[in-house]
Amino acid sequence: MAQVTGGGDGEIRDAVVIGGSFAGISAALYLARGRRQVTVVDEGLTRNRFAAQGHGLLGHDGRPPAEIQAAGISDLLAYPEARMVQDRVVAVAGQADDFRVTLASERVLRARRLVLAYGTRDILPDLAGLAAIWGRTAFQCPYCHGYEMAGRPAALWFAAPGVAEHARFLQQWVPDLTVVTDGAPLPEADAAALHAAGIALETARLAAVESDGDALRGLRLADGRRLAVEVLYMVPRNEPACDLAAQLGCRMAEGRQGPIVETSQMQETSVPGVFAAGDLDRPVFGAAFALAEGVMAGTACHRSLVMGL
Ligand SMILES: Cc1cc2nc3c(=O)[nH]c(=O)nc-3n(C[C@H](O)[C@H](O)[C@H](O)COP(=O)(O)OP(=O)(O)OC[C@H]3O[C@@H](n4cnc5c(N)ncnc54)[C@H](O)[C@@H]3O)c2cc1C
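Source: prediction; values computed, not measured.

Visitor: Would you take a moment to explain the nonpolar core for this structure?
Guide: Most often, soluble globular proteins have nonpolar side chains that are buried together. Ala27, Ala28, Val115 and Leu116 are the most contacted members of the largest nonpolar core, which has 51 residues in total. Looking at this core, the element that brings in the most residues is helix α1 (residues 22-33), giving 9 residues. Other than its neighbours up to four places away in sequence, Val115 contacts Ala15, Val17, Gly24, Ala27, Phe275, Ala277, Ala297 and Cys301. Ala154, Trp157, Leu177 and Val231 belong to the second-largest nonpolar core, a separate cluster that totals 30 residues.

Okay, here's the thing in structure tokens:
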């Protein structure tokens, strides 16, 4: 993390932002530019930290994730209204105009508003060797990393409705594509659509990832065969990175890959004075989306401080 400043214990801040990455820093930047006292708390575990480079974000294409985050923090801390604390938030309580935010270090911050921007965690399936290649040669998003991997033989691990459409889309980057289902049967129509598109289908159970460091070399199947692929795409389930929205009683919804916080178009949660942004409330993931939502949360939060709830 680039710089860390004091958090302002005791004093009531206009807003505390929980999570200091794309969504949280953007929200805080707009609050600070609105001349509001804002403190961001972040424990430094962004979702994309496993990747060597981040892609598709204007002005930052190809930079390491930590460098992009540090640039955002450095922009934010140029404003005297903004503070940053490197810590983990473990508890939140209270209501609009008097929220209390307890940190792992046992410090307590107070705030009139909260912005939840703590993102999600990918729940990787329990496949030997997978964690070591996650973000390096195993990915969730072809727009993020498909260009760099284009042309290499790849597998798509997906066995849900819509697999044929997903696979055909991926063919833009991967001419030699195999769909693997890890033992799950596919409906006849999906299997036929894959066949018609020239996409191989492998329904055997997966046993392990074969890799050389973080470079995927192949997938070992439970029946002893081996699939020679160099890239693995998958759609893992996600869960919020922590339970703070639940602690506050925010209404949740079921997103495409797991539970998300329900928000209005203005990024308001169901709890007055609490806003949420980024992966936490959005089933379509990506840094630019998180950043844009952070701007909306920051401006909506600012508006609520001016106009009331
Ligand atoms: C492997 C991989 C590679 C990716 N590559 C790209 C890419 O190239 N381009 C792209 O656009 N998108 C990419 N993404 C998606 C991108 O990472 C997310 O869309 C983006 O990070 C979401 O931003 P966010 O601010 O919502 O959450 P995050 O970036 O995940 O940030 C959440 C922050 O909250 C903090 N936090 C969590 N809980 C607490 C707590 N209790 N207290 C304090 N802090 C807390 C975390 O430490 C973290 O810093 C990738 C994702 C993965 C998994």
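Still more ground to cover, so stick around.
Visitor: For this particular structure, what's the right way to read α1?
Guide: Given 3.6 residues per helical turn, the α-helix brings residues three or four places apart onto the same face. With 12 residues, α1 should cover 16 Å at 1.5 Å per step; its first-to-last C-alpha distance of 17 Å lies within 8% of that length. Those residues of α1 not exposed but buried are Phe22, Ala23, Gly24, Ile25, Ser26, Ala27, Ala28, Leu29, Tyr30, Leu31 and Ala32. Next to the buried residues of α1 lie β1 (12-18), β2 (38-42), α2 (65-76), β3 (82-86), β6 (108-116) and α8 (287-307). Of the residues trailing α1, Arg35 is marked for its positive phi of about 65 degrees.

Visitor: Sorry if this is basic, but what is going on with the site of the ligand here?
Guide: As a structural note, the neighbourhood of the ligand is formed by 41 residues, with Gly19, Ser21, Asn48, Gly119 and Gly278 the closest of them. Broken down by secondary-structure element, the contributors of at least two residues to the shell around the ligand are α1, β2 and α8. A per-class count over the shell around the ligand returns 20 nonpolar, 15 polar and 6 charged. When residues of the shell around the ligand are assigned to domains, at least three fall in each of domain 1 (12-122 + 237-307) and domain 2 (125-234).

Visitor: Looking at this structure, how should I read the sheet that holds strand β14 (residues 226-227)?
Guide: The pairing of strands in a sheet comes from backbone hydrogen bonds and takes either a parallel or an antiparallel form. In space, the 3 strands of this open sheet follow the order β12-β13-β14, with antiparallel pairing throughout. Strands with a single pairing partner mark the edges of an open sheet, and in this sheet they are β12 (206-212) and β14.

Visitor: Looking at this structure, I do not really get the pairing of strand β4 (residues 89-95). What am I missing?
Guide: Side-chain direction in a regular strand flips from residue to residue, so the side chains alternate between the two faces of the sheet. For β4 and strand β5 (residues 98-103), the ladder comprises 6 bridges, and the chain directions are antiparallel. Residue pairing for β5: Gly94 is matched across the bridge by Phe99.

Visitor: Is there a simple way to explain the confidence of the model for the protein chain in this structure?
Guide: Predicted coordinates in areas of low pLDDT are best not read in detail. The share of residues in the protein chain with pLDDT of 70 or more is 97%, and the mean pLDDT across the chain is 95. A low-confidence stretch, residues 1-7 (pLDDT under 50), is modelled with 23 contacts involving residues beyond four sequence positions or located in other chains.

Visitor: Just checking my understanding: could you explain the sheet that holds strand β9 (residues 154-157) for this structure?
Guide: A sheet is described by the order of its strands in space; here 5 strands give the open sequence β8-β15-β9-β10-β11, paired in parallel fashion. Across the chains shown, the open sheet's two edge strands, defined by having one partner strand only, are β8 (138-139) and β11 (200-202).

Visitor: I keep staring at the environment of Ile25 and nothing clicks. Help me out?
Guide: Mapped onto the secondary structure, Ile25 falls in helix α1. Given 30 C-beta atoms within 10 Å, Ile25 falls into the buried group. Look past the residues within four positions of Ile25 in its chain and what remains in contact with it is Gly20, Val40, Gly72, Ile73, Leu76 and Gly294.

Visitor: Before we go on, may I ask you to explain the domain arrangement of the protein chain in this structure?
Guide: Partitioning the protein chain into structural domains gives domain 1 (12-122 + 237-307) and domain 2 (125-234). Each partner contributes residues to the interface: domain 1 has 9 residues there, and domain 2 has 9 residues.

Visitor: Just to check I follow, could you spell out the packing of α1 against α8 for this structure?
Guide: What describes two packed helices is the angle between their axes and the distance between those same axes. Their axes nearest at 7 Å, the elements α1 and α8 cross at an angle of 35 degrees. Viewed along their axes, α1 and α8 form a crossing whose handedness is right-handed. Contacts from Phe22, Ala23, Gly24, Ile25, Ser26, Ala27, Ala28, Leu29, Tyr30 and Leu31 of α1 reach α8 at Ala287, Ala290, Leu291, Glu293, Gly294, Val295, Ala297, Gly298, Thr299, Cys301 and His302. Tallied by class, the residues present in the contact of α1 with α8 amount to 14 nonpolar, 6 polar and 1 charged.

Visitor: Looking at this structure, I do not really get the environment of Arg168. What am I missing?
Guide: Structurally, Arg168 is set in helix α5 (residues 163-170). The spacing of Arg168 and Gly62 is 106 residues in sequence and 26 Å in space, taken between C-alpha atoms.

Visitor: How should helix α4 (residues 142-149) be read in this particular structure?
Guide: Within α4, the full set of buried residues consists of Pro142, Cys144 and His145. The arc enclosing the buried residues of α4, seen along the axis, measures out at 145 degrees, which places them on a common side. Summarising the contacts, the buried residues of α4 are in contact with β8, α5 and β15 (231-234). Note on α4: the residue one or two positions beyond its end, Gly151, has a positive phi of about 90 degrees.

The rules behind these values
- Note that residues are indexed from 1 along each chain, following the sequence as it is written.
- Reporting in this predicted model follows two pLDDT cut-offs: at least 70 for local features of residues, and 80 or more for side-chain atom pairs to be given and counted; totals over whole chains, interfaces and linings ignore these cut-offs and use all residues.
- Throughout this description, the term nonpolar core refers to a group of buried Ala, Val, Leu, Ile, Met, Phe, Trp, Tyr and Cys residues whose C-beta atoms join them within 7 Å.
- With C-beta atoms placed from the backbone, a residue is labelled by how many other C-beta atoms lie within 10 Å of its own: buried for 20 or more, exposed for 12 or fewer, partly exposed between the two.
- Here a helix means four or more residues in a row that DSSP labels H or I, a strand means two or more in a row labelled E, and each is numbered from the N terminus.
- Residues are scored as being in contact if the C-beta atoms we place from backbone atoms lie within 7 Å.
- To estimate the expected span of a helix, subtract one from its residue number and multiply by 1.5 Å.
- Each residue receives a C-beta atom placed from its backbone. It is near a molecule or strand if this atom lies within 6 Å of it.
- Classes in brief: Ala, Val, Leu, Ile, Met, Phe, Trp, Tyr, Cys and Pro nonpolar; Asp, Glu, Lys and Arg charged; the others, Gly included, polar.
- Those domain boundaries reflect an automatic or database domain assignment.
- Two strands qualify as a pair provided DSSP detects at least 2 bridges between them.
- Confidence of the predictor at the level of single residues is given by pLDDT, which spans 0 to 100.
- Lines fitted to C-alpha atoms define the axes, with helix axes restricted to the stretch in contact, and inter-axis angles between N-to-C directions lie between 0 and 180 degrees.
- The sense of a crossing depends on the near helix, which, turned anticlockwise from the far helix by less than a right angle, makes the crossing left-handed and, turned clockwise, makes it right-handed.
- Arc definition: directions from the helix axis to the C-beta atoms.

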